[in-house]
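Residue-level structure breakdown
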Amino acid sequence: MGSVEWGIMILEGCKQATRQAVNLSASSYYVPDSSSMQYLNYGAGVEVNLLTGQTTILQSDIIYDCGQSLNPAVDLGQIEGAFVQGIGFFMLEEYLSNSDGLVIPEGTWTYKIPTIDTIPRQFNVEIMNGGHHKKRLLSSKASGEPPLLLAVSVHCATRAAIREARKQLLRWKGLNEFDSTFQLEVPATMSIVKKLCGLENVEIYLQSLLS
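About the criteria used
Residues numbered from 1 in each chain as written. Predicted model: local features only at pLDDT ≥ 70, side-chain atom pairs only at ≥ 80, totals over all residues. Heavy atoms only, no water. Helix = DSSP H or I, 4+ residues; strand = E, 2+ residues; numbered from the N terminus. Buried < 20%, exposed > 50% of the residue type's maximum accessible area, 1.4 Å probe, protein only. Contact = heavy atoms within 4.5 Å. Axes fitted to C-alpha atoms, helices over the stretch in contact; angles between N-to-C directions. Parallel < 35°, antiparallel > 145°, perpendicular 65-115°, else oblique. Nonpolar A, V, L, I, M, F, W, Y, C, P; charged D, E, K, R; others polar. Pairing = 2+ DSSP bridges. Salt bridge = Lys/Arg side-chain N within 4 Å of Asp/Glu carboxyl O.

1. Re the overall build of the protein
Helix and strand content of the protein: six helices and three strands. The linear arrangement of helices and strands in the protein, starting from the amino end, is α-β-β-α-β-α-α-α-α. Here the protein, with 211 residues, has 25% of them falling under the buried criterion. The contacts of the protein with a sequence gap of at least 6 include a subset with a gap of at least 24, amounting to 72%.

Laid out in structure tokens, this is it:
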């Protein structure tokens, strides 16, 4: 018997599977036990411009458990891409609509998506390969959607920076009382961050220099 081309063998195999109603895909659904759901670690460092509300991500560190990665290069790209996409969701992409329910933004001129300036200045990603797990498909774990939610670390870091800015604002005013309660919307756009930091920051800062 001569050699068989790979493409022909796959094509014939698919035909046979179709005729015999054989499912060629594989999937699994893994529910972790309670002990593995009691921790959540994430972190990011940001810098907030009090005068403009612009948030700069100084550093993000991700250690991601991929189980036994099927392709580390693909998983790494998925993790980095999903995280930046999540930054867009939590910090930039404002979905505005009019009274008729129609979307107002017509393009990226008004609908702000992540750009090269959005990426953390120092972006460290490490894949942590776990051991064999009989309840997961080939012992692997998803690397698509989960990293997107890790971008909430940027939102949380921005909220912490705003809290410190509000404390500083009260010190400039000569007040000691501080109310840490405020709502940081999603997305936390520049205008929202600037408003929460205090619109009168410039005047108060200049007065503090003169006093």
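2. Considering the packing of helix H2 (residues 72-92) against helix H4 (residues 152-173)
Running from N to C, H2 and H4 cross one another at 45°; their axes reach a closest spacing of 8 Å. Classified by the interaxial angle, the pair formed by H2 and H4 is oblique. When H2 is examined against H4, the residues Phe83, Ile87, Phe90 and Met91 are found in contact with a partner set consisting of Val152, Ser153, Val154, His155 and Thr158. Its residues assigned to classes, the contact of H2 with H4 shows six nonpolar, three polar and no charged.

3. Some thoughts on the sheet that holds strand S2 (residues 55-67)
Across the sheet, three strands lie side by side as S1-S2-S3; this open sheet has mixed pairing. Where the open sheet ends on each side, the last strands, each with one partner, are strand S1 (44-48) and strand S3 (122-129). When the angles between neighbouring strand axes are averaged without regard to direction, this sheet yields 10°. Examined bridge by bridge, S1 and S2 share five bridges and lie antiparallel to one another. Paired with Glu47 across the bridge in S2 is Thr56.

4. Topic: the pattern of salt bridges
By the definition in use, this model includes two salt bridges. Linking Glu12 and Lys15 is a salt bridge whose minimum nitrogen-to-oxygen distance equals 3.8 Å. Pair noted here: Glu12 and Lys15 are both in helix H1 (residues 6-19), with a separation of three residues, about one helical turn. Its relative accessible area of 36% is what places Lys15 among the partly exposed residues. One salt bridge in this structure joins Glu164 and Lys167, with 3.6 Å as the shortest N-O distance. You can see Glu164 and its partner Lys167 sitting in helix H4, three residues apart, about one turn around the helix. A relative accessible area of 29% means that Lys167 is categorised as partly exposed.

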